[in-house]
Amino acid sequence: MERPEPVTRLLHRLAHPPRRPVRVLLGAVGVASVSALLIVIGIPTSATARDVFGALRGPGEPAFIVGHRGDRASAPENTMTSLELAMDRLAYVETDVQLSRDGEPMLFHDTDLERITGDHRSVGDLDAAELRALDVGAWYGPAFAGERMPTLDEFFTALAERPDARALVELKADWTGDEVRTVVDRIERHGLRGRVVLQSFSLETLFALQRISPSTPRIMLIRELPADPVPLAQRLGLVGFGTTAKSVVAQPQALEELHEAEVAVLCYTLNSHEKWEEVGALGVDGIITDEPSELDEWLAVTAPGT
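In this report, we go over the structure that sits alongside the text. (Residues numbered from 1 in each chain as written. Predicted model: local features only at pLDDT ≥ 70, side-chain atom pairs only at ≥ 80, totals over all residues. Heavy atoms only, no water.)

Quick look at the packing of helix H7 (residues 152-160) against helix H8 (residues 177-189)
Between H7 and H8, the least distance of the axes is 10 Å, while the angle of their chain directions is 30 degrees. When the interaxial angle is binned, H7 and H8 end up roughly parallel. H7 and H8 meet at a crossing whose hand is right-handed. Contacts from Leu 152, Asp 153 and Phe 156 in H7 reach Val 183, Arg 186, Ile 187 and Arg 189 in H8. (Axes fitted to C-alpha atoms, helices over the stretch in contact; angles between N-to-C directions. Helix = DSSP H or I, 4+ residues; strand = E, 2+ residues; numbered from the N terminus. Parallel < 35°, antiparallel > 145°, perpendicular 65-115°, else oblique. Left-handed = near helix turned anticlockwise from the far one by under 90°. Contact = heavy atoms within 4.5 Å.)

Take a look at the structure:
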């Protein structure tokens, strides 16, 4: 369904003009007004939170663990070493995707390459072959020198080899319908339907995903949950929200309402016992962490049998 023209114009006013920076972060705009606009444009997904995540959690029940960019405590983020460590031990791994200049989906988080490779350019400034020539492991330690930036195909091949593993894949910044299709086509090609959840902060990307593949499970990343989050989830056909611990603690009723509507809630990126205990007591469904092994050990002690 095409968005009505007034809605399109308003959403573009909410977005910042440059294409590649993240234009729409709902934590920074009027969530209530956006939620009202979405009433006319929703296309529900055929996947449900229970299909993807199993039973939703109640207060005090242990959340599932998501390795943030793999296992960053053991290997450099978003490398195959880090991702495979997480996939071998956890039910879920999280990673980030950006498009190279020649349209290849590559796994990388930052808006530029400086922190990881020392190159001041961005992923979109270089072709896939040029990105593959960069060293994305040496910054972490000499043992990882020579690690290469993975392609999405490389990651999906490894995921397909591990039938018990699933992935949360964040589409960074704004994606068009054609760009979203490059990811959805790869999910199908690797036989990963139902095992990959796409997520984004960007409304433009979520709209594109909804148009191109409404049956693909999707999560909205949002820094602050709206007071009444269910209409937003229903209009976008979401299986869940990814949000902050602060947001969930401030609005526990929003978590309760989402669970009543069969929508999951995940919290990012929590790395301390105090935060794990805080959100676990409220019943969040998943915890995204840089310390997946430590969280696993903590849950083994605090929630035996998990």
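Having seen it, we continue.
Quick look at the packing of aromatic side chains
On inspection of all chains with the given rule, the structure shows eight aromatic pairs. For the pair Phe 64 and Tyr 92, a centre-to-centre distance of 4.6 Å together with 35 degrees between the ring planes defines the contact as tilted. With Phe 64 in strand E1 (residues 64-68) and Tyr 92 in strand E2 (residues 92-99), this residue pair connects regions lying 28 residues apart in the sequence. Residue class for Tyr 92 comes out buried when judged on its relative accessible area of 6%. Each ring, one from Trp 276 and one from Trp 298, has its centre 5.7 Å from the other, and the planes form 55 degrees; the classification is tilted. Here Trp 298 lies in helix H14 (residues 292-302) and Trp 276 lies in helix H13 (residues 273-282), a separation of 22 residues in the sequence. (Phe/Tyr/Trp six-rings, centres within 6.5 Å; stacked < 30°, edge-to-face > 60°. Buried < 20%, exposed > 50% of the residue type's maximum accessible area, 1.4 Å probe, protein only.)

Some remarks on unusual backbone geometry
Although it is not a glycine, Ala 173 sits at a positive phi angle of roughly 65 degrees. Topologically, Ala 173 is positioned in the loop between strand E4 (166-171) and H8. Of note in this structure, Glu 262 is not a glycine but carries a positive phi near 65 degrees. Mapping Glu 262 onto the fold places it in the loop between helix H12 (252-260) and strand E8 (264-268).

Describing H8
The end-to-end C-alpha distance of H8 is 18 Å, a good match for the 18 Å that 13 residues give at a rise of 1.5 Å each. Listed in full, the buried residues belonging to H8 are Gly 177, Glu 179, Val 180, Val 183, Val 184, Arg 186 and Ile 187. Contacts from the buried residues of H8 go to E2, strand E3 (105-107), H7, E4, strand E5 (196-200) and helix H9 (203-212). Of the residues trailing H8, Gly 191 is marked for its positive phi of about 70 degrees. (Expected span 1.5 Å × (residues − 1).)

Functional significance is not addressed by these values, which are geometric in nature.
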